[in-house]
Amino acid sequence: YQWPSRLIGSASSVRVIAMSDAWFSGALDLRAYKPGVWVLLEPFRYHARGGREFTVPRWFITDLASIPWLVDPLFDNLDHRKAGVVHDWIYCSQQVSRAEADELFREMLEVLSVGVIKRNLMYSGLRVGGWYRYGQCDSGPKEEDFAWEFMTAAEREAYRIRFIEKGNWVARTG
């Protein structure tokens, strides 16, 4: 696949910049919530290759990346946690198919400079075991996916309408 590109510069000095760049916006601001899970304190965005944007809403609860205890020692640093948060939301909101969500996870790991072997091991683990969590999210976000007790009354009402009642799962502003 050849990524689109654009030209930058004058006629005498032209350089080509690939439009395949992907990036995360903002800092990953988390707070310990319960053992093994965290709550997102501010919206967190991933700008994927191809221009698609995924925004994880404030107060979303995540485990940062489900890694079976048996292989957890192989993943002893936090390289992949940003990708895990976004992937958790994509599974929860089911904005894309499971296969596309898992491929986006692998893309995010590459953006985070996770080595190819580790990246492909994590991707393979998702492909083997991710079906269970994806299936749990069949009807989109549920009340237990958000930290309601941290929200103001106005936020609780807005989230209940937006995510639970109307099913507007594509968070744009958090």
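This text goes with the structure placed above it.
Computed from a predicted structure; not experimentally measured.

The rules behind these values
Residues numbered from 1 in each chain as written. Predicted model: local features only at pLDDT ≥ 70, side-chain atom pairs only at ≥ 80, totals over all residues. Heavy atoms only, no water. Helix = DSSP H or I, 4+ residues; strand = E, 2+ residues; numbered from the N terminus. Buried < 20%, exposed > 50% of the residue type's maximum accessible area, 1.4 Å probe, protein only. Contact = heavy atoms within 4.5 Å. Areas by Shrake-Rupley, 256 points an atom, 1.4 Å probe, with all protein chains shown as cover. Pairing = 2+ DSSP bridges. Expected span 1.5 Å × (residues − 1). Phe/Tyr/Trp six-rings, centres within 6.5 Å; stacked < 30°, edge-to-face > 60°. Lys NZ or Arg CZ within 6 Å of the ring centre and 35° of its normal. Core = buried A, V, L, I, M, F, W, Y, C linked by side-chain atoms within 4.5 Å. Axes fitted to C-alpha atoms, helices over the stretch in contact; angles between N-to-C directions. Polar contact = N/O pair within 3.5 Å; in protein donor to acceptor, adjacent residues only side chain to side chain.

Enquirer: Mind laying out the overall build of the protein chain, listing which residues take part and the relevant values?
Expert: In terms of helices and strands, the protein chain carries four helices and eight strands. The order of α-helices and β-strands along the protein chain, N terminus first, is β-β-β-β-β-β-β-β-α-α-α-α. For the protein chain, with 174 residues in total, the buried portion stands at 39%. Residue pairs in contact within the protein chain that sit at least 24 positions apart in sequence constitute 53% of those at least 6 positions apart. Here the protein chain displays about 9,900 Å² of accessible surface, and carbon together with sulfur accounts for 55% of that area.

Enquirer: Tell me what's going on with the pairing of strand S5 (residues 37-40), and back it up with residues and numbers.
Expert: In regular strands, side chains alternate between the two faces of the sheet. Direction of pairing for strand S4 (residues 30-34) relative to S5: antiparallel, over a ladder of four bridges. From the neighbouring strand, Lys34 faces S5, where its bridge partner is Val37. Between S4 and S5, which pair antiparallel one after the other, the connecting turn spans two residues, and Gly36 there sits at a positive phi close to 85°. Bridging between S5 and strand S8 (residues 61-62) involves two bridges; their strand directions are antiparallel. When the sheet's bridge partners are listed, Trp38 is paired in S8 with Thr62.

Enquirer: Can you break down helix H1 (residues 81-93) residue by residue, with the values?
Expert: Between the first and last C-alpha of H1 there are 18 Å, a value that for 13 residues agrees with the 18 Å anticipated at 1.5 Å per step. Within H1, burial applies to Arg81, Ala83, Gly84, Val85, Val86, His87, Asp88, Trp89, Ile90, Tyr91, Cys92 and Ser93.

Enquirer: With reference to specific residues and values, describe the packing of aromatic side chains.
Expert: Inspection of the entire model under this criterion finds twelve aromatic pairs. Residues Trp59 and Phe150 carry aromatic rings whose centres are separated by 5.8 Å and whose planes lie at 40° to one another, so their mutual orientation is tilted. Residue Trp59 is located in the loop between strand S7 (53-56) and S8, and its partner Phe150 is located in the loop between helix H3 (116-136) and helix H4 (153-165); the two are separated by 91 residues in the primary sequence. With relative accessibility at 6%, the residue Trp59 sits in the buried group. Aromatic rings pair up to connect Phe60, Trp89, Phe146, Trp148, Tyr159 and Phe163 into one cluster. When the ring centre of Tyr123 is taken as reference, the NZ or CZ atom of Arg106 above it lies at 3.7 Å. Geometry around Trp148 places Arg160 over its ring, the cationic atom sitting 4.7 Å from the centre.

Enquirer: Can you explain the nonpolar core? Please cite residues and give values.
Expert: Counting residues in each nonpolar core, the largest one holds 39 residues, and the members touching the most others are Tyr46, Phe54, Val56, Val86, Leu104, Met108 and Phe146. Only S5, strand S6 (44-47), S7, H1, helix H2 (98-111), H3 and H4 provide two or more residues apiece to this core. At seven residues, H1 tops the list of elements feeding residues into this core. Those residues in contact with Leu104 that lie beyond four places of it in its chain are Tyr46, Ala48, Phe54, Ile90 and Val96.

Enquirer: Explain the sheet that holds strand S3 (residues 23-25) to me, using residue names and the numbers behind them.
Expert: Across the sheet, which stays open at both edges, the three strands sit in the order S3-S6-S7 with antiparallel pairing between neighbours. At either margin of the open sheet sits one strand with a lone partner, and together these are S3 and S7. The sheet shows a mean angle of 20° between the axes of neighbouring strands, taken without regard to direction. Along the sheet, H2 makes contact with S3, S6 and S7, crossing S6 at roughly 95°.

Enquirer: Could you give me a rundown of the sheet that holds S5, with the residues and numbers involved?
Expert: Pairing is antiparallel in the open sheet, where three strands are placed in the order S4-S5-S8. Sheet topology places S4 and S8 at the edges, where each strand pairs with a single neighbour.

Enquirer: Please give an account of the side chain of Asp145 that cites residues and values.
Expert: Mapped onto the fold, Asp145 is located in the loop between H3 and H4. There is a polar contact of 2.7 Å between the side chain of Asp145 and the backbone nitrogen of Lys142. Non-local contacts of Asp145, meaning those with residues more than four positions away in its chain, are made with Trp59, Phe60, Ile61, Cys92 and Arg133.

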